[in-house]
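The residues making up each chain are set out below.
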Amino acid sequence: MDFRFGEKEEKLRQEIRKFAKEELPPGWLSTMLEEESEDEDWEFAMSIAKKLAERGWLTMSWPEEYGGKGASLWEQLVYSEEASYWGIPGVTMGVGGVDWVGPSLMMFGSEEQKKKYLPLIASGEPDGIWCTAYSEPNAGSDFAKIQTRAVREGDEYVINGQKIWTSAAHRAKWCWIAVKTDPDATKPHKGISVFIVDMKSKGITVRPLINYVGHHIFNEVFFDDLRVPAANLVGKENNGWYQLMHALGFERGSIAGRCYGYNKRILDELIEYTRERGLFREREIRHKLADVAIELETQKVLAYETIWKMSKGASPIYEPSRDKVFNDHILERLAMLGTEILGCYSQIDPLSRNCKWTKLNGHMESLFWLFLGYAIAAGTDEVEMNIVGQFGLKLPKSY
Amino acid sequence: MDFDFSEDQTMIIDSARKFLEKECPKDKVRKLKEDEKGYDPETWGKMAEMGWMGLILPEEYEGIGMEFFDLTLLMEEMGRNILPAPFFHTVALCSLPILEYGTSEKKRNILPKIACGEEIWTLALTEPSASYEPSGIGIHAISSEEDYVLEGTKLFVPFANVADHLLVVARTSQQENPQEGITVLIVDAGSPGIKTEVIPTTANDKQCEVVFDKVRVPKDNVLGEVGKGWDIVEFILQRASVLKSAEMLGGAQFVLEMANSYAKERVQFDKPIGSFQAIQHKLAGVFIDVEGLRRLVYEAAWHISTGLPSRLLTSMAKAKANEVYKRTCIEGIKVHGAIGFTEELDLGLYYRRTKAFEFALGGTGFHRERVAVELEGYDPLFLRR
C-alpha cells in the first residue's frame, strides 16, 4: 500500500502548475463548463491547446509514433487533475478528439486515417477539433436503437438522419458519428458503424440548442443525403458497437481525475470565500464544507483506485460508472453549498460574469445551473447505477 | 501509488477470516450478549497465540513488529465478524499510547503482558458530559505527596468489567485552556475505591460506569507528562478512530454482501428482487459508499503507518464510517423486508452496534468539526501563486 506519487509524476505536477501560472490570467477560474459557448472563450481555449500541444501534453497518453508521449496512466491522472484544478482550457480538442477519437483510430483506423487525423489532433490546431454524434431524439440511454442510416453506394456511403445533444458541433471540423448500417441485424447493436464526417460537407445542418442558462453548448445535427467517402468508415462495417465500447477504456483514465481536480478547485474557492466573509463562524456552513471535503477526499481515492486497477492491466467495467455517479453527487452538493454560501449574490446571471457584483467569476452560478447537464450527459445517473448493480454487484439486468 | 496488499497482509486477512468464522460463529455472538464477561477467554487465548495482541508491538515486547496498516486490516476482519472481545480496547486504546509515551520500564512491564494476552486494558476517557472535547474532562486527580487521588465518574468505559488496568484521563490542575492540566494515569482496576457497573447498551458491548471514590494512584503511574495528557488523547483519537472505522468498514461490507445475496435469491413477482431497479439502485448506492469508505480508511491508516500528519484524514474516515455503517444497515434491512426486522437474521446483530460504533471516539458532528478546523486553517493551492 502506498498513496504517494512517484518523482516523475510530482515533477510533471510542478511543471503544469508553472504553466498555469504563466499562461493563464491572474484569478483565472475555468470556463470548462461552457467553453464552446462564447467566441472569446473558445479562442482562448484554442490558443492554450496549441501551447499544450507544443509541450506534448495535449496527447501525452498517446504513443510517441502518433505524436504523444506514451505517458503512464499515473502521469495522465496528474495532468488531468492539475489541468482541471487550474482551469486550463482546450485540453480535449472538442468532444472526444483526445480522449476517444485518437485512441480509436490507433486501434481500428486505416493507415491513411491515422496519418491524416492523428497529427491534426496532436497539433492542437482548430482543424483537429471533433464533435461526437451518438445520441438521437429516439435513442438516448438506449443508444443501440439509433436510426440514422448509412447506405453504401459505390465508393461512398449516404447518410440520412438526425443527431442531438451534439456538443461543440458548431466548433468542430470533424464529426465522429455512429450510424446504422444494418437495420435488420439480429441485435440492434450489431448493425452499427462509425464514420468520420467533415463538418463542412454538403448535407449537414447544425441547429443550435440553447440550454436554459443561455449557453450554446450542444446542437441538433441533421444529415440529408450526406455523401461520405467509403474510406471514412472506421474499422469494420457493423463493428461499431464493439469499437466504441473498447474505446471507452481510454477516456476512463482521464475522467475521474479531471472531475476531482475541478471539484477540488471549487472547494478551495469556497473555503477561501467563506474565510474572507467570516462565514466560518457559522456551524452549519463549517459542517457542510467539512462534509463536502470528506466526499471529495473519497472521490480522489476512488479515482486513484480505478487508475490503479487499470495500471495492473485490468479493464474496469463498473468503476467508471461508480466514479461518474459519485461525481454527480458531489457536483450537486458543491452547487447547493456554493450558492448557499454566496447567498443573494448567487442570483446574478452567470452570463454576466463581468457584472461588478458577480462573485468568483460567476462560477458557482454556472455550476448550479449546469450540474444537472452533467448528471445527464454521457450516461444518466440511473443508467450508471444499472451498470454498477449489474457489473459491480453481479445483480440481474434490471432494464 | 500502489493499492496492492503485501503477502503478509493477505495472510493476515485470510487467517483472520478463517479463524473468526470458526471461533466466533453468530450463535456464539448471540450467546455472548448474555455473558457476564462479554467475551470468550478461550478465544482470547487463541488470539494471543496467533500474535494478534502484539501484532504491531516490537519484538522486544513479545510482539510481531508489523505495521499500523496491518492492524487496520485485522480490525476490518473483526468488524466483518462482529467479534465481541476487548481487543480494540486493549490494543488500540492502551497498548499504542503506552508504546509511544511509556517509560522504558513501564513498556517492559506492561507490553509483553498485553502481547501474550495476559492482561486486558481499557481507556476511561468519557464522562457524564458525554463529550470528547477536553472541556468534557471533569474528573479530578488531586496530588498528594506520593499519590494522586482520583475522584469522580467515568462513563461508557468499554470492558471495564473485565479490565485489569485502566488508562484514566483526569484533570490534575485547572488551567484556562481546557486542553492543559490533563494527565493520563495508569490505574490498577483492583484499586480500592473503584466501583464498576455495566451499562445496558444495545450493542451488549460491556460499556461501564466506573466510579472512583478516593482512589489512590502512585505518582509513578503517570503516562507521559503531567498536564500534557491531552496530547496522548489526541494520539489515541487519531489511531483509534481509524481502527474503529476499519471495524465498521468490515461490518458494512458484510451487511452489503448479505443484502446482495438475498436480493439475488428472493423471488417476488416471479423475479429475483435484485432485478428491480428500486432494489438494485439501493444496493448500488450502498456499494459505492462502502467502496469509498474502504479507500478512505486505507488512506488514513497509511498516513499513520507512514508517520504523515493524519488528523484531517482520520476524522474524515470516522465521520464517513459513521454515516456509511448506519446507512448500509438500514438499506440492508429494507432490502430484506420483514425478515430483516427479526432477531433470527444476523443483520440485526450488526444494526444493534450502530450507535456503539458511531459514538466510539466521537460522533459525526465531532469529527466534522475537526475537519472544519483543518479547512479553516488550510492554505488553498490556488492562492499559493
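Residues numbered from 1 in each chain as written. Chains lettered and ligands numbered in written order. Predicted model: local features only at pLDDT ≥ 70, side-chain atom pairs only at ≥ 80, totals over all residues. Heavy atoms only, no water.

## Observations regarding the overall build of chain B
Here is step 1: Summing up its helical and strand segments, chain B has 12 helices and 10 strands in all.
Here is step 2: Expected size for 385 residues packed as a compact globule is a radius of gyration near 21 Å; at 21 Å, chain B falls within 12% of this value.
Here is step 3: Overall size of chain B, expressed as C-alpha extent along the three principal axes, is 80 × 60 × 40 Å.
Here is step 4: Counting contacts in chain B only where the partners sit at least 6 residues apart, residues at least 24 apart contribute 74% of the total.
Here is step 5: Looking at chain B as shown, the accessible area adds up to about 15,500 Å², and 50% of this sits on carbon and sulfur atoms. (Helix = DSSP H or I, 4+ residues; strand = E, 2+ residues; numbered from the N terminus. Rg over C-alpha atoms; globule rule 2.2 N^0.38 Å. Contact = heavy atoms within 4.5 Å. Areas by Shrake-Rupley, 256 points an atom, 1.4 Å probe, with all protein chains shown as cover.)

## Some points on the domain arrangement of chain B
All names here are of chain B.
Here is step 1: According to the domain assignment, chain B consists of domain 1 (7-119), domain 2 (123-227) and domain 3 (231-380).
Here is step 2: If you average the C-alpha positions of domain 1 and of domain 2, the two centres end up 23 Å apart.
Here is step 3: Each partner contributes residues to the interface: domain 1 has 19 residues there, and domain 2 has 15 residues.
Here is step 4: Surface buried jointly by domain 1 and domain 2 totals about 1,400 Å² across both partners, of which 66% is contributed by carbon and sulfur atoms.
Here is step 5: The tally of links from domain 1 across to domain 2 stands at one salt bridge.
Here is step 6: Our count for the domain 1 to domain 2 interface comes out at five residue pairs in polar contact (both at pLDDT 80 or more).
Here is step 7: Elements that contribute at least two residues to the side of domain 1 that touches domain 2 include exactly α5 (87-101) and α6 (104-115).
Here is step 8: With six residues, the top contributor of residues to the side of domain 1 that touches domain 2 is α5. (Domains from an automatic or database assignment. Buried area = accessible area lost by both parts, 1.4 Å probe. Salt bridge = Lys/Arg side-chain N within 4 Å of Asp/Glu carboxyl O. Polar contact = N/O pair within 3.5 Å; in protein donor to acceptor, adjacent residues only side chain to side chain.)

## Structural notes on the nonpolar core
Here is step 1: Formed by 251 residues in total, the largest nonpolar core has its most connected members in Ile88, Trp176 and Leu289 of chain A together with Trp52, Phe87, Leu150 and Phe212 of chain B.
Here is step 2: Those residues in contact with Leu289 of chain A, other than ones at most four positions away along the chain, are Leu267, Leu270, Ile271, Thr274, Phe280, Leu337 and Ile341 of chain A together with Leu375 of chain B. (Core = buried A, V, L, I, M, F, W, Y, C linked by side-chain atoms within 4.5 Å. Buried < 20%, exposed > 50% of the residue type's maximum accessible area, 1.4 Å probe, protein only.)

## Re the interface of chain A and chain B
Here is step 1: Counting residues at the interface gives 57 residues for chain A and 50 residues for chain B.
Here is step 2: Summed over both sides, the interface between chain A and chain B buries roughly 5,200 Å², with carbon and sulfur atoms accounting for 64% of that surface.
Here is step 3: When the buried surface of chain A facing chain B is broken down by residue, Met1, Phe3 and Leu393 of chain A rank first, second and third, together holding 16% of it.
Here is step 4: Viewed at the interface, chain B and chain A are joined by eight salt bridges.
Here is step 5: Between Lys300 of chain A and Glu299 of chain B there is a salt bridge, with its nearest N and O atoms 3.4 Å apart.

## Here's the deal with the packing of aromatic side chains
Here is step 1: A full pass over the atoms with the stated rule returns 31 aromatic pairs over all chains.
Here is step 2: Look at Phe368 of chain A and Trp369 of chain A: their rings are 4.9 Å apart centre to centre, the planes differ by 90 degrees, and that puts the pair in the edge-to-face class.
Here is step 3: Trp369 of chain A sits in the partly exposed class, given a relative accessible area of 37%.
Here is step 4: Each member of the aromatic cluster is reached from another via a ring pair, and the members are Phe3 and Trp308 of chain A together with Phe3 and Trp302 of chain B.
Here is step 5: A cation sits over an aromatic face here: Arg13 of chain A above Phe5 of chain A, 5.0 Å from the ring centre.
Here is step 6: Sitting above the plane of the Tyr85 of chain A ring, Arg265 of chain A keeps its charged end 5.6 Å from the centroid. (Phe/Tyr/Trp six-rings, centres within 6.5 Å; stacked < 30°, edge-to-face > 60°. Lys NZ or Arg CZ within 6 Å of the ring centre and 35° of its normal.)

## Quick notes on the environment of His246 of chain A
Residues and elements named next belong to chain A.
Here is step 1: Looking at the element boundaries, His246 is found in helix α6 (residues 240-276).
Here is step 2: Given a relative accessible area of 36%, His246 falls into the partly exposed group.
Here is step 3: C-alpha separation for the pair His246 and Ser104, spaced 142 residues apart in sequence, amounts to 8.1 Å.
Here is step 4: Beyond its immediate sequence surroundings of up to four residues, His246 is in contact with Met107 and Phe108.

## Considering α6 of chain B
Residues and elements named next belong to chain B.
Here is step 1: Given a rise of 1.5 Å per residue, 12 residues ought to cover 16 Å, and the 16 Å separating the end C-alpha atoms of α6 matches this to within 8%.
Here is step 2: Among the residues of α6, those classed as buried are Lys106, Lys107, Ile110, Leu111, Pro112, Ile114 and Ala115.
Here is step 3: On its buried side, α6 packs onto α3 (41-49), α5, β1 (121-124) and β5 (182-188).
Here is step 4: Note on α6: the residue one or two positions beyond its end, Gly117, has a positive phi of about 80 degrees. (Expected span 1.5 Å × (residues − 1).)

## Let's talk about the domain arrangement of chain A
One frequent convention defines the size of an interface as the accessible area lost when the parts assemble.
Residue and element names in this part refer to chain A.
Here is step 1: Each assigned domain of chain A is listed here: domain 1 (7-91), domain 2 (130-237) and domain 3 (242-392).
Here is step 2: With 14 residues of domain 2 at the contact, the number on the domain 3 side is nine residues.
Here is step 3: Counting the surface lost from both domain 2 and domain 3, the interface buries some 890 Å², and carbon and sulfur atoms represent 66% of this.
Here is step 4: Applying the counting criterion to the domain 2 and domain 3 interface returns zero salt bridges.
Here is step 5: Taken together, the links from domain 2 to domain 3 amount to three residue pairs in polar contact (both at pLDDT 80 or more).
Here is step 6: The residue makeup of the side of domain 2 that touches domain 3, split by class, is eight nonpolar, five polar and one charged. (Nonpolar A, V, L, I, M, F, W, Y, C, P; charged D, E, K, R; others polar.)

## Concerning the side chain of Thr314 of chain B
All names here are of chain B.
Here is step 1: Its location among the elements puts Thr314 in helix α9 (residues 311-336).
Here is step 2: For Thr314, the side chain forms a polar contact with the main-chain oxygen of Arg311, separated by 3.0 Å.
Here is step 3: Apart from the residues lying within four places of it in its own chain, the contact partners of Thr314 are Gln238, Ser241, Val242, Ala300 and Ile304.

## A short note on the pairing of strand β5 (residues 192-198) of chain A
Residues and elements named next belong to chain A.
Here is step 1: For β5, a buried count of six out of seven residues is recorded, marking the element as mostly surrounded by other parts of the structure.
Here is step 2: Alignment of strand β4 (residues 174-180) against β5, held across seven bridges, turns out to be antiparallel. Counterpart to Cys175 in the pairing with β5 is Val197.
Here is step 3: Across two bridges, β5 lies against strand β8 (residues 233-234) in antiparallel orientation. In the strand pairing of β8, Val194 is matched with Val234. (Pairing = 2+ DSSP bridges.)

## Concerning the pattern of salt bridges
Two side chains with opposite charge may pair up if their charged atoms get near one another.
Here is step 1: With the rule as written, the count across this model stands at 64 salt bridges over all chains.
Here is step 2: Of the charged contacts, one joins Lys114 of chain A and Glu111 of chain A as a salt bridge, the two residues approaching to 3.2 Å between their closest N and O atoms. In this pair, Lys114 of chain A and Glu111 of chain A are both assigned in helix α5 (residues 111-123), three residues apart and thus about one turn of the helix distant.
Here is step 3: Of the residues examined, Lys114 of chain A reaches a relative accessible area of 11% and is grouped as buried.
Here is step 4: Salt bridges sharing partners connect three or more residues here, namely Glu305, Lys309, Glu319, Arg322 and Asp323 of chain A together with Glu291 and Arg295 of chain B.

## Looking at a nonpolar patch on the surface
Here is step 1: On the surface, Tyr212, Trp369, Leu372 and Ile376 of chain A cluster together into a nonpolar patch covering about 450 Å² of accessible area.
Here is step 2: When you line up the elements, Leu372 of chain A lands in helix α9 (residues 363-376). (Patch = residues over 30% accessible without salt bridge, like charges linked within 9 Å, V, L, I, M, F, W, Y side chains within 5 Å.)

## Section: the packing of α9 of chain B against helix α12 (residues 364-376) of chain B
Residue and element names in this part refer to chain B.
Here is step 1: Interaxial distance between α9 and α12 falls to 8 Å at its minimum, and their mutual angle equals 150 degrees. Considered as vectors, α9 and α12 are oriented roughly antiparallel to each other. Crossing of α9 over α12 shows left-handed handedness. Across the interface between the two elements, Arg311, Leu312, Ser315, Met316, Lys318, Ala319, Asn322 and Glu323 from α9 touch Thr364, His367, Arg370, Val371 and Glu374 from α12.
Here is step 2: A per-class count over the contact of α9 with α12 returns four nonpolar, four polar and five charged. (Axes fitted to C-alpha atoms, helices over the stretch in contact; angles between N-to-C directions. Parallel < 35°, antiparallel > 145°, perpendicular 65-115°, else oblique. Left-handed = near helix turned anticlockwise from the far one by under 90°.)

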